[in-house]
Amino acid sequence: MKIAPVKKISGELTVPGDKSISHRAIMLGSIAKGDTEIDGFLESADCLSTAACFARMGIKIEKGDKAVTVRGRGLHGLKAPDTILDCGNSGTTVRLLSGLLAPQNFDTTLTGDASIQKRPMKRIMDPLAEMGAKIQSINENGCAPLKICGGPLTGIRYVSPVASAQVKSAVLLAGLYADGATSVTEPSLSRNHTELMLSQFGGSVTSDGLTAKVLPANELYGQHICVPGDISSAAYFIAAALLLPHSEVLIQNVGVNKTRAGILEVCRQMGAVIEVSNASKEAGDPRADLFIRSASLKGITVGGPIIPTLIDELPMIAAMACFAEGTTVIRDAAELRVKESNRIAVMVNSLRAMGADIEETEDGMRICGGRPLHGVCLDTHKDHRIAMTLAVTALAAEGETELLDADCVRISYPGFYEDLARLTV
Ligand code: S3P
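Calculation rules
As a convention, each chain's residues are numbered from 1 in the sequence order in which they are written. The model is predicted, so local features are restricted to residues of pLDDT at least 70 and side-chain atom pairs to those at 80 or more, both for listing and for counting; the totals for chains, interfaces and linings are taken over all residues. With hydrogens and water set aside, each side-chain value is computed from the structure's full complement of heavy atoms. Helix and strand definitions here come from DSSP, where helices need a minimum of 4 consecutive H or I residues and strands a minimum of 2 consecutive E residues; each element is numbered from the N-terminal end. As a reference, a globule follows 2.2 Å times the number of residues to the power 0.38, and the radius of gyration itself is taken over C-alpha atoms. Burial classification: accessible surface area is computed with a 1.4 Å probe over protein chains only, and a residue below 20% of its type maximum counts as buried, one above 50% as exposed, and the rest as partly exposed. For this analysis, residues touch if any pair of their heavy atoms sits within 4.5 Å. The accessible surface values rely on the Shrake-Rupley method and a 1.4 Å probe; as for residues, cover is taken only from the protein chains in view. This count recognises Lys and Arg as positive and Asp and Glu as negative, with His and chain-terminal groups excluded. Lysine's charge is taken at NZ, arginine's at CZ, aspartate's at CG and glutamate's at CD. Strands qualify as paired when DSSP identifies two bridges or more between them. Handedness is read with the strands pointing away from the viewer; a crossover is right-handed when the path from the first strand over the helix to the second is clockwise. Only buried Ala, Val, Leu, Ile, Met, Phe, Trp, Tyr and Cys residues count toward a nonpolar core, and they belong to the same one when joined by side-chain atoms within 4.5 Å. All axes are obtained by fitting lines to C-alpha atoms, using only the stretch in contact for helices, and the reported angles, taken between N-to-C directions, cover 0 to 180 degrees. What counts as a ring pair is set by centres within 6.5 Å for rings of Phe, Tyr and Trp (its six-membered ring), and what kind of pair is set by the plane angle: stacked under 30 degrees, edge-to-face over 60, tilted for all other angles. Any residue with a non-hydrogen atom lying within 4 Å of a molecule or strand is treated as near it. We define a polar contact as two N or O atoms separated by no more than 3.5 Å, with the added condition that, inside protein, one atom must be a possible hydrogen donor and the other a possible acceptor, whereas residues neighbouring each other in sequence contribute only through side-chain atom pairs. Ten residues, namely Ala, Val, Leu, Ile, Met, Phe, Trp, Tyr, Cys and Pro, are considered nonpolar, four, namely Asp, Glu, Lys and Arg, are considered charged, and the remaining ones, Gly among them, are considered polar. The term salt bridge refers to a pairing of a side-chain nitrogen on Lys or Arg with a carboxyl oxygen on Asp or Glu at a separation within 4 Å. Should an angle fall under 35 degrees it is taken as roughly parallel, and over 145 as roughly antiparallel, whereas 65 to 115 is taken as roughly perpendicular and any remaining angle as oblique. Left-handed describes a crossing whose near helix is turned anticlockwise from the far helix through less than a right angle; right-handed describes the clockwise counterpart.

1. So, the overall build of the chain
Piece 1. Looking only at helices and strands, the chain has 12 helices and 23 strands in total.
Piece 2. Over its C-alpha trace the chain gives a radius of gyration of 21 Å, about what one expects of a compact globule, namely 22 Å for 425 residues.
Piece 3. Principal axes of the C-alpha set define a box for the chain whose edges measure 60 × 45 × 40 Å.
Piece 4. Among the 425 residues that make up the chain, the fraction classed as buried is 59%.
Piece 5. Here the contacts in the chain between residues at least 6 apart in sequence split such that 75% fall between residues at least 24 apart.
Piece 6. Carbon and sulfur atoms form 49% of the exposed surface of the chain, whose accessible area is close to 15800 Å².
Piece 7. One finds the centroid of the 42 positive side-chain charges in the chain at a distance of 2 Å from the centroid of its 48 negative side-chain charges.

2. A short note on the pairing of strand 11 (residues 182–185)
Piece 1. Looking at chain direction, strand 10 (residues 157–159) and strand 11 are connected through 3 bridges and run parallel. If you follow Tyr 158 over to strand 11, its bridge partner there is Val 184.
Piece 2. Handedness of the β-α-β unit built from strand 10, helix 5 (residues 165–175) and strand 11 comes out right-handed.
Piece 3. Direction of pairing for strand 11 relative to strand 13 (residues 211–214): antiparallel, over a ladder of 4 bridges. Bridge pairing in strand 13 places Ser 183 opposite Lys 213.

3. Details of the nonpolar core
Piece 1. With 79 residues, the main nonpolar core has Phe 237, Ile 238, Ile 251, Leu 314, Leu 351 and Phe 416 as its most contacted residues.
Piece 2. With 11 residues, the single largest contributor to this core is helix 7 (residues 231–243).
Piece 3. One finds Leu 75, Val 162, Ile 225 and Val 227 within the second-largest nonpolar core, a separate group that totals 65 residues.

4. What to know about the sheet that holds strand 15 (residues 248–255)
Piece 1. Strand order across the open sheet formed by 4 strands is 2-15-17-16, with mixed pairing between neighbours. Looking at the sheet topology across the chains shown, the edges are occupied by strand 2 (10–13) and strand 16 (274–282). The average undirected angle you get between the axes of adjacent strands in this sheet is 10 degrees.
Piece 2. Lying on the sheet, helix 7 is in contact with strand 2, strand 15, strand 16 and strand 17 (285–293); it crosses strand 15 at an angle near 165 degrees.

5. A look at the packing of aromatic side chains
Piece 1. Under the defined criterion, the tally for this structure stands at 5 aromatic pairs.
Piece 2. Here the aromatic rings of Tyr 236 and Phe 416 are separated by 5.9 Å at their centres, their planes lie at 75 degrees, and the arrangement is edge-to-face. Of this pair, Tyr 236 sits in helix 7 while Phe 416 sits in helix 12 (residues 416–423), and the two are 180 residues apart along the sequence. The same class applies to Tyr 236 and to Phe 416, which are both buried.
Piece 3. Look at Phe 237 and Tyr 413: their rings are 6.2 Å apart centre to centre, the planes differ by 45 degrees, and that puts the pair in the tilted class. Placement of the pair is Phe 237 in helix 7 and Tyr 413 in the loop between strand 23 (401–404) and helix 12, with a sequence separation of 176 residues. With respect to class, Phe 237 is no different from Tyr 413; both count as buried.
Piece 4. The rings of Tyr 236, Phe 237, Tyr 413, Phe 416 and Tyr 417 are connected pair by pair, giving a single aromatic cluster.

6. Notes on the site of the ligand
Piece 1. The full set of residues close to the ligand is Lys 19, Ser 20, Arg 24, Thr 92, Arg 95, Ser 164, Ala 165, Gln 166, Arg 191, Ile 311, Asp 312 and Lys 339.
Piece 2. In this structure, an oxygen atom belonging to the ligand sits 2.8 Å away from a side-chain N or O atom of Ser 164.
Piece 3. Those elements that provide at least two residues to the shell around the ligand are helix 1 (19–31), helix 3 (91–101) and helix 5.
Piece 4. Here the element with the most residues in the shell around the ligand is helix 1; it accounts for 3 residues.
Piece 5. Here the shell around the ligand is composed, by residue class, of 2 nonpolar, 4 polar and 6 charged.

7. Quick look at the pattern of salt bridges
Piece 1. According to the stated counting rule, one finds 23 salt bridges in the structure shown.
Piece 2. The closest approach of N and O atoms between Arg 293 and Glu 275, which form a salt bridge, is 3.6 Å. Residue Arg 293 is located in strand 17, and its partner Glu 275 is located in strand 16; the two are separated by 18 residues in the primary sequence.
Piece 3. By relative accessible area, which is 36% here, Arg 293 ends up partly exposed.

8. Let's talk about the packing of helix 3 against helix 5
Piece 1. Where helix 3 meets helix 5, the axes come as close as 7 Å, and the angle between the chain directions of the two elements is 25 degrees. Between helix 3 and helix 5, the crossing angle belongs to the class labelled roughly parallel. The two elements helix 3 and helix 5 meet at a crossing, and its hand is right-handed. Contact with helix 3, carried on its side by Gly 91, Thr 92, Arg 95, Leu 96, Gly 99 and Leu 100, involves Gln 166, Ser 169, Ala 170, Leu 173 and Ala 174 of helix 5 and no other residues of that element.
Piece 2. Considering only residue class, the contact of helix 3 with helix 5 consists of 5 nonpolar, 5 polar and 1 charged.

9. Some thoughts on the sheet that holds strand 23
Piece 1. Strand order in the open sheet formed by 3 strands is 1-23-22, with mixed pairing between adjacent strands. Taken across any chain shown, the strands that pair with only one partner, and hence form the sheet edges, are strand 1 (2–3) and strand 22 (377–379).
Piece 2. Relative to strand 23, strand 1 is paired through 2 bridges, and the arrangement is antiparallel. Residue pairing in the sheet places Ile 3 in a bridge with Thr 401 of strand 23.
Piece 3. Across the sheet, helix 11 (residues 384–395) lies against strand 1, strand 22 and strand 23, angled at about 175 degrees from strand 23, the strand it touches most.

10. What to know about the pairing of strand 19 (residues 327–330)
Piece 1. Strand direction decides the pairing type here: strand 18 (residues 301–302) and strand 19, joined by 2 bridges, are parallel. The residue bridging Val 302 from the neighbouring strand is Ile 330, located in strand 19.
Piece 2. Remark: the strand 18/helix 9 (residues 314–322)/strand 19 crossover connection has right-handed handedness.

Dropping the structure here:
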């Protein structure tokens, strides 16, 4: 994919449905009694991996004109799959499914693509083992493929060393089937979509500060879910509007849950004005329209408890920092090293190749803004967020950029380049 710089972006846009919420809607819909209708389901490779896994376990998932319907079979209605479950590129699928499958009365094996087979799974294997789960990393390297021997579980109080919604959710989902209460305490608050949606489905969940607690469920009930636009997808258009002079973009119906919306706060700290309107809430998860116009940005420090609320947006923030005045420091973000790619190394190398003054640190990076960036040939490492970040960066650079494996955007945003092209002038 070749990307030439553009003068500005302008117009209105609705980004595709939230990836985290779409995964969870399929999962909870499958183990609920009755139908779950999902409006705005994200039809991207990752969420389709989740849907395919449940289809393999006997769940009918039907695509209608407007919504996706999941014909739930109740808490104990999943059937043993007759093959290994392929989670593709999706960490959310492997980790949340591990929690959900550990307490079933059948065995399963989960695997995925080359990237998934390198990502750390001990973080879910450890707490689930504490609950009594039998999960084995087949290659004994703490990664997928994972062999799960289903069996009864005991509730635990887990203090997680990492702020991760995937870890929290895996343990809470296992807790639905455990023989007592299960709680997870995290070092700082990660996205809470699992807690909110479990409550909507009739689960008994409470959140108190950094602790989420679930009671064993008797039954969950099918719901109507309205998935908002994904703020992680919106982030690329927010950044493009901020970076390209004279831009004005309205992004409608974006999920602005506080545990996800750290990017808005960071943009404001960097000097942006983002207008929020039409705010509403569905089942506890807020959404709103965002209006963004270009701004002169200044460097800031991003670290501490805000990190989990913008973890997937950090590559874009790093690129924005190259265009800001002054120094930006990103710290407490070592988690970026174990995402779909090592996002610290990949972003530092890519932005440096474009001419940025950027330095890698153990848990983040340091960027001195203000040097002009120029187009080069860049490897996305098949990481969708790296691809979208570099595509937007390329719009604001000088000369043409070439992106290798640019089609990996299908993981979370299949129509990304088309939407971007529609708004560019
Ligand atoms: C996700 C949680 C985050 C995020 C990922 C989706 C989720 O991962 O990076 O894209 O849906 O729970 P961690 O929980 O590993 O931080």
